[in-house]
Amino acid sequence: DVLTIQLSTKETQPYTVAIYSTTGALVRQWQETGAARRTLPVGDLQAGTYILTTGNGREKTATQFVIAR
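Rules used in this analysis
Residues numbered from 1 in each chain as written. Predicted model: local features only at pLDDT ≥ 70, side-chain atom pairs only at ≥ 80, totals over all residues. Heavy atoms only, no water. Helix = DSSP H or I, 4+ residues; strand = E, 2+ residues; numbered from the N terminus. Rg over C-alpha atoms; globule rule 2.2 N^0.38 Å. Buried < 20%, exposed > 50% of the residue type's maximum accessible area, 1.4 Å probe, protein only. Contact = heavy atoms within 4.5 Å. Lys, Arg positive; Asp, Glu negative; His and termini not counted. Charge placed at Lys NZ, Arg CZ, Asp CG, Glu CD.

1. Overview of the overall build of the protein
Tallying secondary structure elements over the protein gives zero helices and six strands in all. The order of α-helices and β-strands along the protein, N terminus first, is β-β-β-β-β-β. On C-alpha atoms alone, the protein measures out to a radius of gyration of 12 Å, which is about the 11 Å that the 2.2 N^0.38 rule sets for 69 residues. For the protein, the spread of C-alpha atoms along the three principal axes comes to 35 × 25 × 15 Å. A total of 69 residues make up the protein; the buried ones form 33% of that total. Partitioning the intrachain contacts of the protein with sequence separation of at least 6 by distance along the chain shows that 48% fall at a separation of at least 24. Taking the average location of the 7 positive side-chain charges in the protein and that of its 5 negative ones, the two points are 2 Å from each other.

Written as structure tokens, this is what we have:
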């Protein structure tokens, strides 16, 4: 029911973290600043594959994760 992520960055400017479905639909989005360890509630998401992205306008990363019930 939770997803734990470790965000490592030396940037001090805010960056966007988002979760997308595999169809490209935005599921959730928020802003972070600096390195952080976050536990995200995902119990409300349906079983399936999702893509977690982080980006600051210059760089963007994407990681796939699966919710199995």
